[in-house]
Amino acid sequence: MQNASLKQLSAQLAQKKVSSVELTQLHLDRIARLNPDLNAFVTVDADKSLAQARAADARIAAGTAQPLTGIPVAHKDIFCAKGWLTTCGSKILSNFVSPYDAHVVERLDAAGAVNLGKTNMDEFAMGSSTETCFWGAVKNPWDATRVPGGSSGGSAAAVAARLAPAAIGTDTGGSIRQPAAFSGISGIKPTYGVVSRYGMIAYASSLDQGGPMAKSAEDLALMLNAFAGFDARDSTSLDRPPEDYTRALATPLKGLRIGVPKEYFGDGLDGDVATAVEAALAQFEKLGAKRVALSLPNSRLSVPAYYVIAPAEASSNLSRFDGVRYGYRAPEYGDLSDMYRKSRAQGFGAEVKRRILIGTYVLSHGYYDAYYLKAQQIRRLIAQDFTEAYKQCDLIMGPTSPSVAFGIGAKASDPVQMYLTDVYTVSANLAGLPAMSIPCGFGEGGMPVGLQVMGNYFTEADMLGAAHQFQLATDWHLRRPAGAE
Ligand code: GLN
């Protein structure tokens, strides 16, 4: 049952072969058994989840079910959920119970999905390994000595270990795609503005985008159908006609032009990842796609530009955490500024402090032009590279990450090495473009490899269609770690 697709689960619920209460209980039992080791979930509330499951069963009985009604979904702990502890992986929010639902949570609730709990993440989504969390590191279900990727590593590990049929994550510079790649699952970051950021705790607002993580492209399409779309409460939400993300699932690949940027296959890419990605590209060609060699000349500037812009926005966004209205407050302090200082010093972890320092520095008078302004100019050039590229191709493909999942602790003391793992993912965020990762093989140590599929603005349905065709012809997405029998 835990290996079924969302479509299969939906059919079984409709045919009353299983109830939502049974399905939810099955996943709660798996969480109780496997989570103490994996640390993928930080909050589970069986009573709340089962109450939602009972409501879903009533809805199924009444004949008013939607495709996700009764299906348990895990939420990255960056999404506010009414009455749930919502910590963003940080001590500073370790006691924060949200008084309201994020748009995504509200939409999944309206669709009848069951909130299965909140998943672990890098503190404030800053990281590529899910090691910077206040709640401790998450383990990779394929190999417990390795990281699951980050920052949505809890969501990725939960889906990979079959603790949840699907999960939601956020992606500011790769945090849906890279953990999906490291954990052998599928994940998509939509075009900026497609999924509302309302109630999604802000890291870098011009880059943040929520999206689904699941076992297959088809599952991702069903998830997106439930929560993509306009929301007046997010000023950057795009008011566009409703999209059916399943519409291109059956479209054959014949004639599809796949751009392969030479910059994504240069120095720094591990051989095992290159081999698996090459084999996937060959598979796409076998299915009728054509390969187009191209260049994204400013790719090498994406990591430096990102690590100026993201911290700059973070330093502003995180100024609201001051210990006054909610969150952690230092137990002892002198005057008001001492209270701010101590609460923030004790409440934030080292990586978050590093980002606040970098961000404040690059925005400060005298350095603004040299760093922040320059990074914004580079951002424009990176977006222009993609505009040029999409004149020659329909989709762009390459590796999601230069390596398979690395060991826990391997890069934790070297931030620059950690930042460099984002080399293929951050450009999509800088340009606001949609991008996804799907499993495409295995590399060193038997660890999963992810193929990144990128598209032009608003082509999510086509990307999901191409990925689904690949998944019909291959079974990488069906492979699962030993513990997920
Ligand atoms: N690894 C990147 C960072 O640390 C991206 C994180 C994300 O997408 N939230 O900023």
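Let us look at the structure shown here. Since the structure is predicted, the reported quantities are computational estimates derived from the model, not experimental observations.

Observations regarding the packing of aromatic side chains
Part 1 of the reasoning: In this structure the tally under the stated criterion is 19 aromatic pairs.
Part 2 of the reasoning: Between Tyr264 and Tyr424, the ring centres sit 5.3 Å apart and the planes meet at 40°, which makes this aromatic pair tilted. With Tyr264 in the loop between strand E7 (257-261) and helix H8 (271-286) and Tyr424 in the loop between helix H13 (415-420) and helix H14 (426-431), this residue pair connects regions lying 160 residues apart in the sequence.
Part 3 of the reasoning: Look at Tyr424 and you get buried, because its relative accessible area is 3%.
Part 4 of the reasoning: Taking the centre distance of 5.2 Å and the plane angle of 45° together, the rings of Tyr368 and Tyr372 count as tilted. With Tyr368 and Tyr372 both in helix H12 (residues 368-389) and 4 residues apart, the pair spans about one turn of that helix.
Part 5 of the reasoning: By relative accessible area, Tyr368 is classed as partly exposed at 35%.
Part 6 of the reasoning: Looking at Tyr372, the relative accessible area reads 14%, which means it is buried.
Part 7 of the reasoning: An aromatic cluster is present here, built from Phe96, Phe124, Phe321, Tyr326 and Phe348 joined pairwise through their rings.

Some thoughts on unusual backbone geometry
Part 1 of the reasoning: A cis amide bond, omega 10°, links Gly150 with the succeeding residue Ser151.
Part 2 of the reasoning: Residue position: Ser151 is located in the loop between strand E3 (114-119) and helix H5 (153-160).
Part 3 of the reasoning: Although it is not a glycine, Lys16 adopts a positive phi angle of roughly 60°.
Part 4 of the reasoning: With respect to the secondary-structure elements, Lys16 resides in the loop between helix H1 (6-14) and helix H2 (20-38).
Part 5 of the reasoning: Overall, Lys16 belongs to the exposed group, its relative accessible area being 56%.
Part 6 of the reasoning: Here the phi dihedral of Cys88 falls at roughly 55°; this positive angle occurs in a residue that is not glycine.
Part 7 of the reasoning: Locating Cys88 in the fold gives a position in the loop between strand E2 (72-76) and helix H4 (103-110).

With respect to H5
Part 1 of the reasoning: The buried count for H5 comes to 8 of 8 residues, which makes it a mostly enclosed element.
Part 2 of the reasoning: Restricting attention to buried positions, one finds in H5 the residues Gly153, Gly154, Ser155, Ala156, Ala157, Ala158, Val159 and Ala160.
Part 3 of the reasoning: Those residues of H5 that are buried are in contact with strand E1 (41-43), E2, E3, strand E4 (166-171), helix H6 (177-183) and strand E6 (209-214).

Details of the state of the cysteines
Part 1 of the reasoning: Scanning the entire structure with this criterion turns up 0 disulfides.
Part 2 of the reasoning: No disulfide involves Cys80; its sulfur sits 8.5 Å from that of Cys88, the nearest cysteine.
Part 3 of the reasoning: Residue Cys80 is classed as buried on the basis of its relative accessible area of 3%.
Part 4 of the reasoning: The exposure class assigned to Cys88 is buried, which follows from its relative accessible area of 0%.

About the cut-offs
- Residues numbered from 1 in each chain as written.
- Predicted model: local features only at pLDDT ≥ 70, side-chain atom pairs only at ≥ 80, totals over all residues.
- Heavy atoms only, no water.
- Phe/Tyr/Trp six-rings, centres within 6.5 Å; stacked < 30°, edge-to-face > 60°.
- Helix = DSSP H or I, 4+ residues; strand = E, 2+ residues; numbered from the N terminus.
- Buried < 20%, exposed > 50% of the residue type's maximum accessible area, 1.4 Å probe, protein only.
- Contact = heavy atoms within 4.5 Å.
- Disulfide = S-S within 2.5 Å.

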